[in-house]
Every structure is written in C-alpha cells, then in structure tokens.
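# Architecture and fold: a report
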Amino acid sequence: MFSKKKGTNKRKIPKIILHKIYYNALSPVIFLIALSITFAELFTGSTLFYNLFNPVSLLLLIGLYGGGVVAIREFTVHYKMGWPTLLLLGSAYGIVEEGFSTKTFFDPSKAGFLGVFGRAYGVNWVWVVIIIAFHAVYTITLPVLLLRVAFPYTNGKPIAPPWGKYIGLTSFLLTATILFFFEDKTYFPSHILIASFALLSIVFVLIAMAFPSEWFNKWAYKKPMNLKKIAIAGALAIWLAVFINGILPLFIPIPYFIIFLDIILGVSMLWLVLESGMISNNPRAIIALSAGLLSFWILYSAMIEALYDYGVGIATILIIGILYYLWIKANQLPLENEKQIKQQNAI
C-alpha cells in the first residue's frame, strides 16, 4: 500500500552544481551581448545610458545586437571558420543594421556632416565605408575575440544550443525589420537602393562562408609583435580614422580621397593583425589591440558622461576593469601550439 513508486528515489542535482552549469552556459552569451551593445551603442552615444532601463529599448538592443553577434559567432564556430569570416559577416551585419534598420546609409539627416560630404545618388558613401568597418570590428569581432580570453573553455565550441544560432539570426532580422518600418516613418530609400545593398550583404555572407580559414594559419605561428606596439597601433588606427573622417574633409573636401585613406588604414590594420600572430593563439595580443582600439571611445564616453549622457561612465569604468582583469588572465593563459591551431581554427 505504501510502496514507493518507481523513479521517486532519483537523486537530485545539488544546487551548487546547477548554479555552476547555468553560469558556464549563460555567462559567455551575456558577456558577448553586453560588450556588443556597449561598444556600438553606449560608447558612441547612440543609445543613452538611461534608455537601458526602458524595457522596449533594451529588448530591441538585445534583439538587434545580441541576435546578430550570437548568430555570427555560432555560425563561425559551426563551420569552423576564423576571424576573417567574423569581419566579413560583421560587414554584412553593418549593412543590414545601418542600411535597413536605421537607414543611415541613405538618410542625410542621420550621418552628421557625412550626410552631405560624400553623398551621391542617394547614398552617404563615406559614412557607408566607415560604419561598415565600425560594426565589423567593434560590434562583432572585438567582442568575440575578448570572449576567447574571458572564457577560454568556449574556444572553438558553441555557447548556445544547436538551434541558438537560428534563433539569434531570426531575432536579428526580425528586429531590423521592425526598426525599418517603425523607427523612422518619415524617410524610406528607393527600392533600387534597398535591393542593391541587400545583394551586397548577401555577397559578404557568401564570401565569408566560402573563405578558406587555413589561408592565414601560417601567420598564427609567428612570434608576436611587441605588445606595446600592438596597443599603440590599435590606438593610432582609431584616432587616425576619426581624423580622416572627422577633420580632414574640412581641409581636403574630396570624398574619393577620404575613402581611399580609409581603405589604406583598413588594410594596414589587417596586416598588423597578421603580423601580431594573434589570429587564434595570443590572448595578450588580443587585449593589447582591444585596449588600443577602445582608447578613443573610452575618452569619448567620458566626455559625453560629463556633457549629457549621465550614467555611461559606469559602463566605461566596467569596461576598463574588464580589460584589466582580462589582461591579468591573459598572462596566465598558455599559447596554443601549432597542432591545436590546426584542430581548432574556429573562433
């Protein structure tokens, strides 16, 4: 009468183990999304700090940036691709976000003076070049590379369930569509422009997925450059980008020349990445380059904190603290050997 039912004596998993499982599973995802939103929105002043407490704004940010960066990272790992794929998919991301969800590619009122300078045939061309590069680096690639240092056990492994990448992609595209129709109802680009840039984003995706990751393996074994030089080079890159696109047009108002300089700067940075040996086996170089690339935005966020965006300084201090912690952690991580790099070339 009082016999136990089968299965009632199953052992329960201790709460401390459950907490560790949840931490290991959720922390990398939260870290990745938080960095992407902070670098792209908070540091640039595009989203004011207090808007993070608006549930609708936060949901849209997570859908757009979170969905995008998680999907790109997971697809890159799934197909065992490397950082060049990240940059290419990040470029496609930038086209979708800026071309469609916010329409800054086309609306002259949303690109500052670059909505006038370099504008032709309904497109803000100088703005298009720099904002695509910005999203490829700051929104996608930098957060994913820092994830490698913060959570080494995720290297080359998924941080979401198998269906997570599809959920992320759906979330990103759905959020971009909602913003396209409701974020600004006063300006809509022509169908030809929309179709052209949609095709361009598809081209970036196809190239990214077909890119042979082993092309750059030989650079992964190089002795890294001096870390101070890497940090300085990263800082010079962002400060030169600001000078080229924000100041130089006032003295040399030739859009084609500005775009040419942007391309030269981008190629130079790619060369630096290769020469630094940081493709997949140098966490210290990742931190050094990240610190350099973030130098301008850390100062910029401090400035807008003092002027109008009260609270963003909290995010700035947190990022500085995270970089310092990751630098200490990076010095304790061993460099991957050649065999590991060949077996685990994915981000």
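In the block above lies the structure referred to throughout.
Quick look at the structure, then. (Residues numbered from 1 in each chain as written. Predicted model: local features only at pLDDT ≥ 70, side-chain atom pairs only at ≥ 80, totals over all residues. Heavy atoms only, no water.)

## Points about a nonpolar patch on the surface
Short version of the rule: Put simply, a patch holds well-exposed residues, over 30% relative accessible area, that have no salt bridge, with like charges counted together within 9 Å and Val, Leu, Ile, Met, Phe, Trp or Tyr side chains within 5 Å. Here the accessible surface of atoms and residues is derived via Shrake-Rupley with a 1.4 Å probe, and residues count as covered only by protein chains that are part of the display. Salt bridges are counted wherever a side-chain nitrogen of Lys or Arg sits within 4 Å of a carboxyl oxygen of Asp or Glu. Counting from the N terminus, the helices are the DSSP runs of H or I reaching at least four residues and the strands are the DSSP runs of E reaching at least two. Exposed residues in this analysis have more than 50% of their type's maximum accessible area, buried residues have under 20%, and partly exposed residues fall in between, with area computed by a 1.4 Å probe over protein chains only.
On the surface, Ile232, Leu236, Leu240, Phe243, Ile247, Leu250 and Phe251 cluster together to form a nonpolar patch covering roughly 730 Å² of accessible area. Mapped by element, the contributors of at least two residues to the nonpolar patch are helix 8 (227-246) and helix 9 (248-251). With four residues, helix 8 is the largest single contributor of residues to the nonpolar patch. Structurally, Leu240 can be placed in helix 8. Since its relative accessible area comes to 38%, Leu240 is described here as partly exposed.

## Observations concerning unusual backbone geometry
Phi at Lys80 is positive, roughly 55°, even though this residue is not glycine. Within the secondary structure, Lys80 sits in the loop between helix 2 (55-78) and helix 3 (83-101). Note on Lys80: relative accessible area 57%, which makes it exposed. Look at Tyr121: it is not a glycine, yet its phi comes out positive at around 55°. Take Tyr121: its relative accessible area is 79%, and that puts it in the exposed class.

## Concerning the pattern of salt bridges
The tally for this structure, following the rule as stated, stands at three salt bridges. For Glu74, the salt bridge is made with Arg73, and the minimal N-O distance between the two is 3.0 Å. In this structure, Glu74 and Arg73 share a single accessibility class: buried. Measuring nitrogen to oxygen at the nearest pair gives 3.1 Å for the salt bridge that ties Glu183 to Lys110. Taken as a pair, Glu183 in the loop between helix 5 (164-182) and helix 6 (191-210) and Lys110 in the loop between helix 3 and strand 1 (119-120) lie far apart in primary sequence, 73 residues in all. For Glu183, a relative accessible area of 41% gives the class partly exposed.

## Here we look at the packing of helix 8 against helix 11 (residues 283-307)
Threshold: Working convention: axes come from line fits to C-alpha atoms, limited for helices to the stretch in contact. Angles between N-to-C directions cover 0 to 180 degrees. By convention, the crossing between two helices is left-handed when the near helix turns anticlockwise from the far helix through less than a right angle, and right-handed when the turn is clockwise. We call two residues in contact whenever any of their non-hydrogen atoms come within 4.5 Å of each other. Classification used: nonpolar for Ala, Val, Leu, Ile, Met, Phe, Trp, Tyr, Cys and Pro, charged for Asp, Glu, Lys and Arg, polar for all others including Gly.
Close contact between helix 8 and helix 11 brings their axes to 7 Å; oriented N to C, the two are set at 30°. By crossing handedness, the relation of helix 8 to helix 11 is classed as right-handed. Along the contact surface, helix 8 presents Leu227, Ile230, Ala231, Gly234, Ala235, Ala237, Ile238, Trp239 and Val242, while helix 11 presents Arg284, Ala285, Ala288, Leu289, Gly292, Leu293, Ser295, Phe296, Trp297 and Leu299. Here the residues of the contact of helix 8 with helix 11 sort into 15 nonpolar, three polar and one charged.

## A look at the packing of helix 3 against helix 5
Heads up, the rule is: Working definition: roughly parallel below 35 degrees, roughly antiparallel above 145 degrees, roughly perpendicular at 65 to 115 degrees, and oblique for all remaining angles.
Running from amino to carboxyl end, helix 3 crosses helix 5 at an angle of 25°, the nearest separation of the two axes being 8 Å. Classified by the angle between their axes, helix 3 and helix 5 sit roughly parallel to one another. Together, Tyr93, Val96, Phe100 and Ser101 of helix 3 and Phe172, Ala176, Leu179 and Phe180 of helix 5 make up the contact between the two elements. For the contact of helix 3 with helix 5, the per-class residue count stands at seven nonpolar, one polar and no charged.

## A word on helix 8
Here is the rule we go by: A helix is expected to span 1.5 Å multiplied by its residue count minus one. By the criterion applied in these results, polar contacts are pairs of N or O atoms within 3.5 Å in which, for protein atoms, one can donate a hydrogen and the other can accept it, and in which residues neighboring in sequence qualify only through two side-chain atoms.
For helix 8, spanning 20 residues, the distance from its first C-alpha to its last is 28 Å, which sits close to the expected 28 Å at 1.5 Å a residue. All of the buried residues in helix 8 are Ile230, Gly234, Ala235, Ala237, Ile238, Ile244 and Asn245. Two or three places before Lys228, at the start of helix 8, stands the capping residue Asn226, its side-chain oxygen 2.8 Å from that residue's backbone nitrogen.

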